[in-house]
6 protein chains.
Amino acid sequence: MYLHTEQLINEIVVDEPDPAAANALQEGLGGQFGEMRTMMQYLFQSMNFRGDPASKPYKDLLQGVGTEEISHVELIGTTIARLLDGSPEYQGKKTDSVDKPGAGGATPLKIALDTGNIHHYLVGAQGALPVDAVGNPWSGSYVYNSGNLVLDLLYNLMLESTGRLQKCRIYEMTDNKAARSTIAYLIVRDQAHENAFAKALESLGVNWGGVLPIPKTNAEKFPEVKKLLDKGLQSIQYTFSGDNLSQAGKLYRGASPSNDGTELSTAVMPEGVPITIAPERREEFSPGLDAELLSLIQATAEIELKNADAPGE
Amino acid sequence: MYLHTEQLINEIVVDEPDPAAANALQEGLGGQFGEMRTMMQYLFQSMNFRGDPASKPYKDLLQGVGTEEISHVELIGTTIARLLDGSPEYQGKKTDSVDKPGAGGATPLKIALDTGNIHHYLVGAQGALPVDAVGNPWSGSYVYNSGNLVLDLLYNLMLESTGRLQKCRIYEMTDNKAARSTIAYLIVRDQAHENAFAKALESLGVNWGGVLPIPKTNAEKFPEVKKLLDKGLQSIQYTFSGDNLSQAGKLYRGASPSNDGTELSTAVMPEGVPITIAPERREEFSPGLDAELLSLIQATAEIELKNADAPGE
Amino acid sequence: MYLHTEQLINEIVVDEPDPAAANALQEGLGGQFGEMRTMMQYLFQSMNFRGDPASKPYKDLLQGVGTEEISHVELIGTTIARLLDGSPEYQGKKTDSVDKPGAGGATPLKIALDTGNIHHYLVGAQGALPVDAVGNPWSGSYVYNSGNLVLDLLYNLMLESTGRLQKCRIYEMTDNKAARSTIAYLIVRDQAHENAFAKALESLGVNWGGVLPIPKTNAEKFPEVKKLLDKGLQSIQYTFSGDNLSQAGKLYRGASPSNDGTELSTAVMPEGVPITIAPERREEFSPGLDAELLSLIQATAEIELKNADAPGE
Amino acid sequence: MYLHTEQLINEIVVDEPDPAAANALQEGLGGQFGEMRTMMQYLFQSMNFRGDPASKPYKDLLQGVGTEEISHVELIGTTIARLLDGSPEYQGKKTDSVDKPGAGGATPLKIALDTGNIHHYLVGAQGALPVDAVGNPWSGSYVYNSGNLVLDLLYNLMLESTGRLQKCRIYEMTDNKAARSTIAYLIVRDQAHENAFAKALESLGVNWGGVLPIPKTNAEKFPEVKKLLDKGLQSIQYTFSGDNLSQAGKLYRGASPSNDGTELSTAVMPEGVPITIAPERREEFSPGLDAELLSLIQATAEIELKNADAPGE
Amino acid sequence: MYLHTEQLINEIVVDEPDPAAANALQEGLGGQFGEMRTMMQYLFQSMNFRGDPASKPYKDLLQGVGTEEISHVELIGTTIARLLDGSPEYQGKKTDSVDKPGAGGATPLKIALDTGNIHHYLVGAQGALPVDAVGNPWSGSYVYNSGNLVLDLLYNLMLESTGRLQKCRIYEMTDNKAARSTIAYLIVRDQAHENAFAKALESLGVNWGGVLPIPKTNAEKFPEVKKLLDKGLQSIQYTFSGDNLSQAGKLYRGASPSNDGTELSTAVMPEGVPITIAPERREEFSPGLDAELLSLIQATAEIELKNADAPGE
Amino acid sequence: MYLHTEQLINEIVVDEPDPAAANALQEGLGGQFGEMRTMMQYLFQSMNFRGDPASKPYKDLLQGVGTEEISHVELIGTTIARLLDGSPEYQGKKTDSVDKPGAGGATPLKIALDTGNIHHYLVGAQGALPVDAVGNPWSGSYVYNSGNLVLDLLYNLMLESTGRLQKCRIYEMTDNKAARSTIAYLIVRDQAHENAFAKALESLGVNWGGVLPIPKTNAEKFPEVKKLLDKGLQSIQYTFSGDNLSQAGKLYRGASPSNDGTELSTAVMPEGVPITIAPERREEFSPGLDAELLSLIQATAEIELKNADAPGE
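Residues numbered from 1 in each chain as written. Chains lettered and ligands numbered in written order. Predicted model: local features only at pLDDT ≥ 70, side-chain atom pairs only at ≥ 80, totals over all residues.

As recorded by an unreviewed UniProt entry, chain A carries the name Manganese catalase family protein and is attributed to Microlunatus aurantiacus. Regarding chain A, the UniProt comment filed under Sequence similarities (unreviewed entry) reads as follows: "Belongs to the manganese catalase family." (UniProt positions renumbered as here; feature names shortened; annotations may be inferred.)

Below is the structure:
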C-alpha cells in the first residue's frame, strides 16, 4: 500500500516559461528511459520478485527505488506544467482577447503552433503529458522484468545510466533555471540509483573497475549538479518505507562504486517542499467553470470537514 | 512524495493456479480501463490540476483515488503472479526434468504453448505484465486529462463504471477463488470511486436520478461482492494522505448517489495484509542463481543493518 | 454528404454461433487488408484527389467504391456480432445463473477464456471490434494515398486482390454458413473492385495479359461464390451516388480484365435486406437496463414522432 | 447501406494557405477526439446495438450522428487539403523550377521542412492524413463500445464535449478564415450532438442542472460561431436517413439541455455545397501524369456514358 | 556493402510440423529480444559509431555480430516456415478438397483457427512473420544506440543474455527436433556474443567474477546444446568480413568470461548448409500460379544465363 | 549467410551539416516506404518463398534486391549521421562550453530544440534512428509477404515506385549536396528495382504500355540523377551473390520496361567507397570515454591480431 504527502521531493526554481524546455523534459517523464518507465519497471520487478527469503534486501531495494520514482514523476511533471505557463496571458498580452477573440487583433493561442508539442495546448491544458519529447505515448512494452535477478539488476544499472546520460544532454539544451533545477536533481539521484544497482551486482561478485559512473563526463562541472554532489546526495538511498521494514540498507553501504570516495548510506525520505495548486488558464477552459459553478465549489470548500472513522482501520 | 508499506490492500484467497484466469485479470491491470490507467490518469489530473484555491477538495479527491490505484496495481499484479504458478512443478510433475530436459519424457514448459499469453512464461517469469488480456502493451494515450474540471470528472465516472462493468464480466468468466477474491474487492472499490466522481458532479448541480450505479446489475448476487457490500466498503473513500492534509472528505459525504441508502464517509487507509516473497521458479531461471551466487546473497542478508542518518531527514 | 438506409447490402444466412469464425472474420473487418482500410483509403483518395477536370471519372470511381466499403463494414461487422451470439444463454444453459452466479455450478462466461479474442466478451458485448484477427487495433498508418494517380490505382488493385486472397483463405477455415455467406459475397465484390482498378489502369495503357484475377484459384469451386458469379456480380460496379452525378461508368465498361468473358456494367445500388436489432445479452450487461430504465425507454418509444422542418432543408 | 451526394455539408470560406493551421486541424480529423473517431464509434455502437425493440430511437440516434460524422470527415479533410495549398506555386514562385530543379536557385519544396507535419508534403500530396496534430496515426483502440447503453451515452456526451473543447482551442490558435469557417461549424454541431446524448440520458432520468454545455465558455463570442448559433444550428439533429425510417426524433425534442432557451428539432439533412476537384500539384507529382497519359484520360472523359442496368436493382 | 551466399548458418533437423512451436519461435525472430532486434541494433551501432581511430576493433566487433544476426534471422525464419508446414496436405488429408471445398466434408484450413497465430495462415502463406509470439509487430523503438560505448556494450551484454534466457525457456516448451536444433544453436551463439560484449567490457576494466554466463542454468544439460558446447562454438567469434579488414579479433581473445575454461578465438565464417526452395502450398494460393503462368516461368528458367561482368558497373 | 565489406555502396558528397535535411532523409531510412522496409520485405519474401524449382530466378531476384537494400540502409544511415554533425562544435562555437556549461553564455545543445527530431540529439548521439520523418518507429506491420507470387511482385513494384516518388520529393526539399548525392543515387536504384519487378511481371504476361517509370516526372532534370542515368545505373541489377549462384539474370534482361531505350543487364556488385569512423562528439558523451578508458582502448588496438582458425571453416 502507498501513502501520499503533499510535498514535492525537491524545489523547482522560479524562472520564465519555456515551452521548448518543457518539451525536452517530456523525455525525462514519458520517454523510454524516463521516470514513468523506471517507476513501472521497479514496481513490477518488486511485485513479481521470486527468491529465497534471504533475498529480501534485493526486493526491498527495487521497491524503494520504485517508490522514489513515483515522486520523480510528480516532480518532473509539475516542472513541465510550470514551464508551459508561457501562454498568452503571461506574455503581457493580458487583454480580454481570450473571451473576445480578435478583440486585440491577436490570436490568443497561436503560440501553440510553433511549440514543441501542440498537444500541450490542444489536448492538455498546459500540463504534462505521458509522452516523450517527440510525442510517442509511453508504452508498457518498455518495462523489463525477466525474473532473473542478475539480468534485472544489469538492466536497471544500464537504465539509470541512460537516464542520467539523457538528462545531461537535456541540461545542455536549455539554460532555463526551473528546468535545470529539476534536471540537476534527477542527474544526481540517477547516479544514486546507478550506485544502488552496481552495488547489488558487486554483492554478487562483479568488480566495476573504473567504468562508473556512466556517463563519465564530470557532471560536477554543471553548477546546479555540483551543489547537490557536495551535499553527497548521489550516495544516499531512500527507502520510502512507511513501516520501516525495508532491508535495502544491507546492500547500499560501503564505498561508492562511482569511485568518488564517498560512503553509501540509507535514509527513509528527504524533507520535501509543499505542493501548491496551479493557477487557472481561462484560454484553455481550465478548469472551465463559470461564475455559477465556481460559487458551488466555494460553498463546498466552506463545509466543515469531519473525518469519519473507517471500518477498515 | 509517496511512502510504501509492506501490505496488500486486500487478502488474496488461496486456490489452484489458473493461467487462463490470470490472463483475463490482465485486462484489469494493463487494459484500457484497468488499474494502471486509473492510477496514471488521476495522478496526472492531480499533478496538472488548475483552479481557485477553493477547489482543493477536488484535487485532493483525485490524488486520493490515484494513490489508492497504485495499491490496486499491486494487488491485482500479485494476484496474477499467484494464478500463474500453475507451472510444471506445481502440477505434480515435480521431477528433475527441469534441469535435465527430456528426463521424464515431458517437456517442462509446454503448458505455455496453450496458455492465454505465452509471454507470461517466455518474457516474464510467471509474473504479471503491463499488458491487457490480448497482449496489447499499456499505452500513455489512454490517459485523459483535458484540464476542464467537469469533463475530467465525467470521464472518471465513466472510467470507473467501465472498469466495474469489465470486472463483473471477468467475475463470470472464472470461478477460481483467488481470482474472484481480488475481482470482487475491485468491483466494490470501483463503485466507491463511481460514487466519488458522481458526488463531485452533484456538488456542481447534476442530479443522477436512478441511473447509478453502472452497470445496474445487482452485483450483490455475487457472494464475494455481497460480503464487502454488507461491510459498506462501496461507500468509504480513503485519502491515503500521509500528512492528513487531504480535504477530499468535503466532497465525499451525504447520501450515496448509488441509491443504496448508505451514507458516504472518509478514512485514511484500510488495514492491509502482509506481503510475502514469491517462491522460486527454477524452470524459469528465476531468480536464476546458482549455489555460489545464492550463498553470496545469504551472506549479505546476515549483515546487521545499521540505518544511517540521512541529511534530508 | 452521406445518407444511410436501414438495409444490409447482402443477406446473412442463419447458422450456429461460432466465436472462432467470428475472430477470423475480424481480419476482413479491421485487418490491414480489411473493409475498414479499403473504406478509409478510398474516401481519403477521393477527398484529396487532384487533377484535370477530365479526370472526374477516376475520382468518382474511388468515391463509389469507398462508399460501398462503408456498407461492407456494416455487413461484416453485423456478421461477426451474429457469430458471437454463441454465449451461455444460446448453448442451452439458459438458467438464471447469469444474475445468480454459481446457481447452477457453471461459470456463465467461461467460454470467453478459450475464444479467439477474449475482448469480444470482455471489452465489447459480443459485438464486432475495430481490430484484426490477432487483436491489433486498426491503424491510420494503413491508409495509402500518394496522390499519384497511377500509383494509387496500382495500390488499390493490389489491395483488393490481397483482400480477396485473405477471404479465400478464411472461406477455407470455416464451414459456418453465416460466415461463408458474407465471405463469399465479399470475395465476389473484391473481384468487382479488382476489375474496376485494373480497368482504370487499362485506360492508361496497361495490358494485364492473363494474370487477373488474383488469386488465380477458381473461386467458383466454392459453391456460395459460384452462385454469385453466375449472377455476374463480379462485373457490376455500384456508384452509390445519391444525386446520380457519378461518372464512374465511363471507366467501368467493356470486357472484364478478369478474362471471364463478361462485360462490365454500372448501377446505382443493389436492393439490400432489412436490418434488425440484436437481442439483449444480460450476461454482458447489454444494454444493461433494469426494469425502471426500460420502462422509461418504452415510454419514449410510444411518443408520436412529428418530424420538425429543418432550416437547412 | 450508404449513399453519397457530391456536396460538402458546409461551405469552406476562401483564405490564404496556412500549413500550420492545417496541422492543428488534423487533431479534429484524426485525433483521439476527432471526427474519424466519433464516426467510427457511433457506427460500431449502432451496428452492435442490443436491446428491446422499443429502444430503436436510441440506435437510430447513434446511426444518424454517426452518418453525419462521415460528412464531417469529408468537410475537415477537404479544409486541410485547401489549407495545404500554400506550396511553391501558390507563393508567387511560379517558375519552371519544379521540373527544372535549381533553375531559380530556390528549392521548390523546402517549405515542407518547417511545416507542422512534413508528411503532408512527403507522404501525401498536400492532402489530409488520417493522423492527429503530432502525427500519431488514428487507432482502432480509440473506439468505445461497451454495449451498456447508459455508459455508451455517457461516453459519447463526454466525447462530443471534448471535441468541442479542442475545437474551441484550435479556433483560438489561428485566424485563418478557411480554418475558422470549418471549426466554427463543427463547434456548433458538436454542441448539437452534446444535446443529443444529454437528452437521451435525460430520458433515463438524469437532470444536468447547469453544467451544460461543456466547455462553459461563451462560444457565441466567436463571431463565426455566433452566426450559426443565431440560426439555431446547435439545436437541430439530422437523421441522414435515406429511407426516412429513423425514429431519432423521438429523443431529440423538447427544451435544449444546454439551457439556451431553444427547442430541439429534427430534420433529414442540410442543403450542402457542391464539391469541386482540387487543382494539380506538379511539384508533388500529383496526379503525376505526363501529356500522353493525360490525353488518354481526356479521351475516356469524352466517352458517352450509357448506364447499364444492374441485376441487383 | 553486403554479400549473400545460398547457405544457412546451421542445419535444421527434420521433424514433424508443429505450429505451436513455430509461434513460440516467433519470439526469437521478431520479439523484443529476438534476432531482428539484435541485427538492427548492432548495425545501427556500427553505422553510427563514433570514436578515436584506435577504437576500430569495437566497431568491427559490433559490425561482425550484427552481420551474423542477419544470418540468424534467415535461420530462425526458415525454421518457422518449416514448422508451419503442418497444413492440411501434410496431415494425410491430401484430397482435392483444397480446390473443391467441402468435397471431403473437411474444411481445409480449419487448423488455423486453433493455432498460435492465425496470421501464419491468413496473412502469410505458412511462413515466418516479423512479429513476436503474441503477434506484436517488431518495432524500431526496440533499437538501443546511445552512442556511449560503455552503455552500448552493457546493453548488448544484457540483450544477448536475455535472448539466451528466452531461448532456454523456448527449448523447454517444445520437444520438436526441428525447433530444438535451431534453438540450441542460437543458445550457444548467444553465449558467444555474451562473451564478446563481456570481453569488450573487460578490456575497459570490468571483472565479471562468477556471474557469467547468464542465465546460470547449465544449458549443457540440454543434449543438443551440449553437442555444440563440446565443439567450443560458444567461444568462437565470426567476423563475416568479406574483405578481411575486421579487427574484432583484437578483442575476442584470451580466457572466456563464461568461466568454462575455454580460450576465445576468431574466424571469418562457418561452413553452412545449402538453402532449398520450400514446396508449394496450393491451399494458401502460394505461389498461386495456374498452369499457364507456371509454363511462362518454366520457359524463363530455361533461358541460358550469360552473367555480365560487373564490379565497377 | 551474409558477408560484409567495409565499403559504402556510393560516395557521400561533402557539404555543410543540415539537421533538417537529415530529418527528411529519415523517411527514406525508417519510413513506411524506406530502405529498412524494402530490405525486410524482400528478405522475408525470399526466406518464405514457395514454388516450383523452376521459379528460382524469382526467389534470387528478391534475395538480390533485398541484399542490396541492406547496403542502402548503411548508405542512408551514414548520410544522416553526417548531416547531423551540425552540432555546437561544428558551428564555430568551439569553446570549452561543452564541459563547462554556461562558460560562454551559450547553451551547447540548444540547437536540438529547434531541429526536426530532438531524439537525434537526446536519444542518439547525432546518428541515424530507425524512425520516419515524423518520429514514428519502424514497424514490422509494414512488411508485405502474401506468398502469392503475382501479388508480391505487384506490391514490390508499387513499393519501389512509391520510394522513388518520395525521394523525388525529398530531393526538392533540400539543396544540401551530401543529402542530394545519396538521394539521387537511391532514385536511380529505385528505378532499377522498379524495372526488376516490372520485368518479372512482364515474364508472366503483363504489358506495361507507357505507364513506367512511376513517377513519370523527368528525374533526369535533377542534375545529380542525370549523371547516374547517363551511366545506365537504372538498368543494371546486382546479385550481391557471394557464391555466384543467383539466377536473377534470367529475369533482368532485354529492353527496359521504363521505355528509355536501354537494355537491362546483371552484375555481382559495384565497386564501393571505403567506410570511415565518425569523429567523437564530446557534448553527446559519445563515445563517452575519459582519458583512462581511452588509453585502455589504445592498448587493445596495438595488440597484434592473430586470426584463429574456426572449426566451422
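On we go from here.
Student: Go over the overall build of chain A with me, naming the residues and quoting the values.
Tutor: Looking only at helices and strands, one finds eight helices and six strands in chain A. Sequence-ordered secondary structure for chain A, helices as α and strands as β, is β-β-α-α-α-α-α-α-α-β-β-β-β-α. Expressed as a percentage of its 313 residues, the buried residues of chain A come to 69%. (Helix = DSSP H or I, 4+ residues; strand = E, 2+ residues; numbered from the N terminus. Buried ≥ 20, exposed ≤ 12 C-beta atoms within 10 Å, placed from the backbone.)

Student: Pulling in residues and values, what's your account of the interface of chain F and chain D?
Tutor: With 24 residues of chain F at the contact, the number on the chain D side is 25 residues. Ranked by residue count, the leading element in the side of chain F that touches chain D is helix α5 (residues 149-173) of chain F, at eight residues. Residue classes in the side of chain F that touches chain D are distributed as 11 nonpolar, seven polar and six charged. (Contact = placed C-beta atoms within 7 Å. Nonpolar A, V, L, I, M, F, W, Y, C, P; charged D, E, K, R; others polar.)

Student: Would you mind going over the sheet that holds strand β4 (residues 254-255) of chain E in detail, with residue names and values included?
Tutor: Residues and elements named next belong to chain E. Strand order in the open sheet formed by three strands is β3-β5-β4, and the pairing between neighbours is mixed. Unpaired on one side and paired on the other, β3 (236-238) and β4 mark the two borders of the sheet. In terms of strand pairing, β4 meets strand β5 (residues 263-267) through two bridges, oriented antiparallel. Looking at the pairing, A255 lines up with E263 of β5. (Pairing = 2+ DSSP bridges.)

Student: I'd like to hear about the relation of the copies chain F and chain D, residue by residue, with values.
Tutor: It takes a turn of 120 degrees to lay chain F on chain D, together with a shift of 0.0 Å along the axis; the resulting RMSD is 0.0 Å. Both chain copies can therefore be described as sitting about a three-fold axis. The residues that chain F uses at the interface reappear at the interface of chain D in only 4% of cases, marking distinct surfaces. (Least-squares fit on C-alpha atoms with pLDDT ≥ 70 in both.)

Student: How would you summarise the packing of helix α1 (residues 19-30) of chain E against helix α3 (residues 56-83) of chain E if you had to cite specific residues and measurements?
Tutor: Residues and elements named next belong to chain E. The interhelical angle for the contact between α1 and α3, taken along N-to-C directions, is 165 degrees, at an axis separation of 8 Å. When the axis of α1 is compared with that of α3, the two are roughly antiparallel. Our pair here, α1 against α3, has a crossing hand that is left-handed. Contact with α1, carried on its side by P19, A21, A22, L25, Q26, G28 and L29, involves V73, I76, G77, T79, I80 and L83 of α3 and no other residues of that element. A breakdown of the residues in the contact of α1 with α3 according to their chemical character gives nine nonpolar, four polar and no charged. (Axes fitted to C-alpha atoms, helices over the stretch in contact; angles between N-to-C directions. Parallel < 35°, antiparallel > 145°, perpendicular 65-115°, else oblique. Left-handed = near helix turned anticlockwise from the far one by under 90°.)

Student: Which residues make up the pairing of strand β5 (residues 263-267) of chain C, and what are the values?
Tutor: All names here are of chain C. Of the two faces of β5, the one holding L264 and T266 is buried and the one holding E263, S265 and A267 is not buried anywhere. Where strand β3 (residues 236-238) and β5 come together, three bridges link them in parallel fashion. Across the sheet, residue Q237 finds its bridge partner in β5, namely T266.

Student: So what's going on with the relation of the copies chain B and chain A? Which residues, and what values?
Tutor: Each copy of the sequence occupies a distinct position, and chain B is placed on chain A by a rotation of 180 degrees and an axial shift of 0.0 Å, giving an RMSD of 0.0 Å. Both chain copies can therefore be described as sitting about a two-fold axis. Most of the interface of chain B is mirrored in chain A: 99% of its interface residues are interface residues there too.

Student: Tell me about the interface of chain B and chain A, and name the residues and values.
Tutor: Taken together, the contact between chain B and chain A spans 100 residues of the former and 99 residues of the latter. Sorting the residues of the side of chain B that touches chain A by element identifies β1 (2-4), α2 (35-47), α3 (56-83), α5 (149-173), β3 (236-238), β5 (263-267) and α8 (291-302) of chain B as the ones contributing at least two each. Element by element, the count of residues in the side of chain B that touches chain A is highest for α3 of chain B, at 11 residues. Tallied by class, residues from the side of chain B that touches chain A come to 48 nonpolar, 37 polar and 15 charged. Pairing of strand β1 (residues 2-4) of chain A with β1 of chain B, which is carried by three bridges, proceeds in the antiparallel orientation. Among the inter-strand pairings, H4 of chain A is bridged to a residue of β1 of chain B, identified as Y2 of chain B.

Student: Just give me the short version of the sheet that holds strand β5 (residues 263-267) of chain A, but keep the residues and values in it.
Tutor: Strand order in the open sheet formed by three strands is β3-β5-β4 (chain A), and the pairing between neighbours is mixed. Two strands bound the open sheet, and with one partner strand each, they are β3 (236-238) and β4 (254-255) of chain A.

Student: Which residues make up the environment of H72 of chain D, and what values go with them?
Tutor: All names here are of chain D. Take H72: it is sitting in helix α3 (residues 56-83). With 27 C-beta atoms packed within 10 Å, H72 lands in the buried category. When the C-alpha positions of H72 and R189 are compared, they lie 9.6 Å apart, and in sequence the two are 117 residues distant. Apart from residues no more than four positions distant in its own chain, H72 is found in contact with I9, E35 and L186.

Student: Could you give me a rundown of unusual backbone geometry, with the residues and numbers involved?
Tutor: Negative phi characterises most residues that are not glycine, and trans characterises most peptide bonds. Looking along the chain, the bond that leaves L212 of chain B and enters P213 of chain B is cis, with omega of -5 degrees. Take P213 of chain B: it is sitting in the loop between α6 (177-202) and α7 (223-230). Cis geometry marks the peptide bond from S286 of chain F to P287 of chain F; its omega dihedral reads 10 degrees. Mapped onto the secondary structure, P287 of chain F falls in the loop between β6 (273-274) and α8 (291-302). Positive phi, close to 60 degrees, is recorded for Q126 of chain B, a residue that is not glycine. Inspection of the secondary structure assignment puts Q126 of chain B in the loop between α4 (119-122) and α5. Exposure remark for Q126 of chain B: the 28 C-beta atoms within 10 Å place this residue in the buried category.

Student: Any details on the environment of S241 of chain E? Residues and values, ideally.
Tutor: When you line up the elements, S241 of chain E lands in the loop between β3 and β4. Counting along the chain gives 76 residues from S241 of chain E to L165 of chain E, while the straight-line C-alpha distance between them is 28 Å. Sequence-distant contacts of S241 of chain E, that is, excluding residues within four places in its chain, are made with G64, S246 and V268 of chain E together with H4 of chain F.

Student: For the environment of G124 of chain D, give the residues involved together with the corresponding values.
Tutor: Residue and element names in this part refer to chain D. Here G124 lies in the loop between α4 (119-122) and α5 (149-173). A count of 25 C-beta atoms within 10 Å places G124 in the buried class. With 20 residues separating them along the chain, G124 and Y144 place their C-alpha atoms 29 Å apart.

Student: Describe the confidence of the model for chain A, with residues and values.
Tutor: All names here are of chain A. A residue-level look at chain A finds 89% of positions with pLDDT of 70 or above and a mean pLDDT of 90. Predicted confidence for residues 305-313 stays below pLDDT 50, and this span has 24 contacts to residues more than four positions away or in other chains. Interface scoring of the predicted complex returns ipTM 0.94; its pTM is 0.95. (pLDDT = per-residue confidence, 0-100.)

Student: I'd like a rundown of helix α1 (residues 19-30) of chain C, residues and numbers included.
Tutor: It helps to recall that an α-helix has 3.6 residues per turn; residues three or four apart then point in one direction. Its 12 residues place the ends of α1 of chain C 16 Å apart at the C-alpha level, agreeing with the 16 Å of an ideal helix rising 1.5 Å per residue. In terms of residue burial, α1 of chain C counts as a mostly covered element, since 12 of its 12 residues are buried. Residues of α1 of chain C that are buried include every one of P19, A20, A21, A22, N23, A24, L25, Q26, E27, G28, L29 and G30 of chain C, and no others. For α1 of chain C, the elements touching its buried residues are α2 (35-47), α3 (56-83), α4 (119-122), α5 (149-173) and α6 (177-202) of chain C together with α4 (119-122) of chain E. (Expected span 1.5 Å × (residues − 1).)

Student: How would you summarise the packing of α5 of chain B against α5 of chain D if you had to cite specific residues and measurements?
Tutor: Packing of α5 of chain B against α5 of chain D brings their axes to within 10 Å, and their N-to-C directions diverge by 150 degrees. One way to sum up the angle between α5 of chain B and α5 of chain D is to call them roughly antiparallel. The hand of the α5 of chain B/α5 of chain D crossing is left-handed. In contact with L151, L154, Y155, M158, S161, T162 and L165 of chain B of α5 of chain B, α5 of chain D contributes L151, L154, Y155, M158, S161, T162 and L165 of chain D. Here the residues of the contact of α5 of chain B with α5 of chain D sort into 10 nonpolar, four polar and no charged.

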